[in-house]
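# Observations on the model geometry
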Amino acid sequence: MHNLADRFANSNIFLEHVHEKGKTIVEPIKHMQIFLWYAGHTSSYADVADRFNVTVSTLFAIIGRMNQFFDSIAANVIKWPSPQQRATTKEKIFKQSGFPGVIGFIDGTHIRIDRPTENQESYCNRKHYHSVQAQIICDDYCKIIDCFIGYPGSVHDARVFQSSFIFPQLQELCQDGHLLGDSAYPCLYTCLTPFKDNGHLTPMQLKYNKIHNSLRIKVEHTNGLLKQRFRQLYHIKLRKIDRIVGLIKSCCVLHNLCHITDKQIFDSEHNSLDSSTTDENLDHDEGASGGTHQYGNTGTSKRNSIAHSLSQKH
């Protein structure tokens, strides 16, 4: 925490606070302590402010600054795995389950909010409470590798996915690999879903679904862990949507900071698209990786081929 506080102390965000006229300066380490306590508990704003002997208005200002700070480092903390990391994930999952090509898992989670002042109906989800959506993609270690936050709760997961920044890049990012998602998502070459159970699935399809579901549950664990660590995400009482989105993103950044070292946090190398190395250059298990020549070029044909290969394994 002290290293993060030092980085915050040297940021323009804190320096602007220092130069605010007529404002009491809150030290960087106290910013960090207050924000972590606030994010990790369901306490009211008045309770948090009283605990740390600040006013509620100061608390709101601290939350705003910390959201800005975590947004500024998010690109170095939440990032797509490198080709080598993707190859390692594919190989690990293939050895565990026989399911080839998996580089991550995708799912959406609803974050409860108070009734917004505008567009109230659009934020009311199918369970009849107001929420914003967070689309999370994680790896096999429950580390978040991409997040897309802020769509109203009434919007379907598939539309959120297709509107996300990562969607048009998936072919380049995944190469011959793929994400696993539930049946709310379209079955694509880069995102494989279960066979829809109409009561007439074949043994081959049932086996595929069983293995798929046993792997995909990793993202549900990630979403659950995120909310357990940062209990404000059970019900955010901030009023402005941009502040809500900022808090959720900050919690995603903090979630990942539990997984990585300071050196990795501030590494300037950002993601696999900046790397000259490709999956084809790596020495890894061909069975774990798969390829277009094995599966055809559609999600359905790829899923069928994998289901067939899984049915051959005992």
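Before any of the text, the structure's been laid out above.
Residues numbered from 1 in each chain as written. Predicted model: local features only at pLDDT ≥ 70, side-chain atom pairs only at ≥ 80, totals over all residues. Heavy atoms only, no water.

### A few points about the packing of aromatic side chains
Note on aromatic pairs: each is described by the distance of the centres and the angle between the planes. Tallying each qualifying case throughout the model produces 13 aromatic pairs. Centre to centre, the rings of Phe 195 and Tyr 208 are 5.1 Å apart; their planes meet at 70°, and the pair counts as edge-to-face. Residue Phe 195 is found in the loop between β5 (191-192) and α9 (203-229), and its partner Tyr 208 is found in helix α9; the two are separated by 13 residues along the sequence. Judged by its relative accessible area of 8%, Phe 195 falls in the buried class. An aromatic cluster is defined as three or more aromatic residues linked by ring pairs; in this entry it consists of Phe 8, Phe 14, Phe 35, Tyr 38, Tyr 45, Phe 60, Phe 69 and Phe 70. Just above the ring of Tyr 129 sits the side chain of Arg 112; from NZ or CZ to the centre is 4.1 Å. Taking the ring centre of Tyr 189 as reference, the NZ or CZ of Lys 302 above it sits at 3.8 Å. (Phe/Tyr/Trp six-rings, centres within 6.5 Å; stacked < 30°, edge-to-face > 60°. Helix = DSSP H or I, 4+ residues; strand = E, 2+ residues; numbered from the N terminus. Buried < 20%, exposed > 50% of the residue type's maximum accessible area, 1.4 Å probe, protein only. Lys NZ or Arg CZ within 6 Å of the ring centre and 35° of its normal.)

### Observations concerning the pairing of strand β1 (residues 102-112)
Counting buried positions along β1 yields nine of 11 residues, so the element is predominantly enclosed. Direction of pairing for β1 relative to strand β4 (residues 178-180): parallel, over a ladder of three bridges. What sits directly across from Phe 105, in β4, is Leu 180. (Pairing = 2+ DSSP bridges.)

### Focus on the pattern of salt bridges
Tallied over the full model, the rule gives six salt bridges. Close ionic contact of Lys 92 with Asp 140 constitutes a salt bridge, the shortest N to O distance being 2.5 Å. One end of the pair, Lys 92, is in helix α6 (residues 83-97); the other, Asp 140, is in the loop between β2 (131-138) and β3 (144-152), with 48 residues separating them in the sequence. (Salt bridge = Lys/Arg side-chain N within 4 Å of Asp/Glu carboxyl O.)

### Let's talk about the sheet that holds β5
Strand order in the open sheet made by the five strands is β3-β2-β1-β4-β5, with mixed pairing throughout. Each edge of the open sheet carries a strand with a single partner, namely β3 and β5. Looking at chain direction, β2 and β3 are connected through seven bridges and run antiparallel. The partner of Cys 138 across the bridge, within β3, is Ile 144. Docked against the sheet, helix α10 (residues 241-257) engages β1, β2 and β3, running at close to 165° with respect to β3. (Contact = heavy atoms within 4.5 Å. Axes fitted to C-alpha atoms, helices over the stretch in contact; angles between N-to-C directions.)

### Details of α10
Its 17 residues place the ends of α10 24 Å apart at the C-alpha level, agreeing with the 24 Å of an ideal helix rising 1.5 Å per residue. Every buried residue of α10 is accounted for by Ile 244, Gly 246, Leu 247, Ile 248, Ser 250, Cys 251, Cys 252, Val 253, Leu 254, His 255, Asn 256 and Leu 257. (Expected span 1.5 Å × (residues − 1).)

### Examining the nonpolar core
Within the largest apolar cluster, 64 residues are counted, with the highest numbers of intra-cluster contacts made by Phe 69, Phe 70, Phe 99 and Ile 248. Broken down by element, the residue count for this core peaks at nine residues, all from helix α5 (residues 56-77). In this structure, Trp 80, Ile 106, Ile 166 and Cys 174 belong to the second largest nonpolar core, which totals 13 residues. (Core = buried A, V, L, I, M, F, W, Y, C linked by side-chain atoms within 4.5 Å.)

### Examining the packing of α9 against α10
One can describe the packing of α9 onto α10 by two numbers: an axis separation of 10 Å at closest approach and a directional angle of 100°. Relative to α10, α9 is oriented roughly perpendicular. In contact with Thr 222, Leu 225, Leu 226 and Arg 229 of α9, α10 contributes Cys 251, Cys 252 and His 255. Across the contact of α9 with α10, the residue classes tally to four nonpolar, two polar and one charged. (Parallel < 35°, antiparallel > 145°, perpendicular 65-115°, else oblique. Nonpolar A, V, L, I, M, F, W, Y, C, P; charged D, E, K, R; others polar.)

### Thoughts on the side chain of Asn 67
Position of Asn 67 among the secondary structure elements: in helix α5. A polar contact of 2.9 Å, which involves the side chain of Asn 67, links it to the side chain of Ser 250. Discounting chain neighbours no more than four positions away, the residues touching Asn 67 are Phe 35, Arg 243, Gly 246, Leu 247 and Ser 250. (Polar contact = N/O pair within 3.5 Å; in protein donor to acceptor, adjacent residues only side chain to side chain.)

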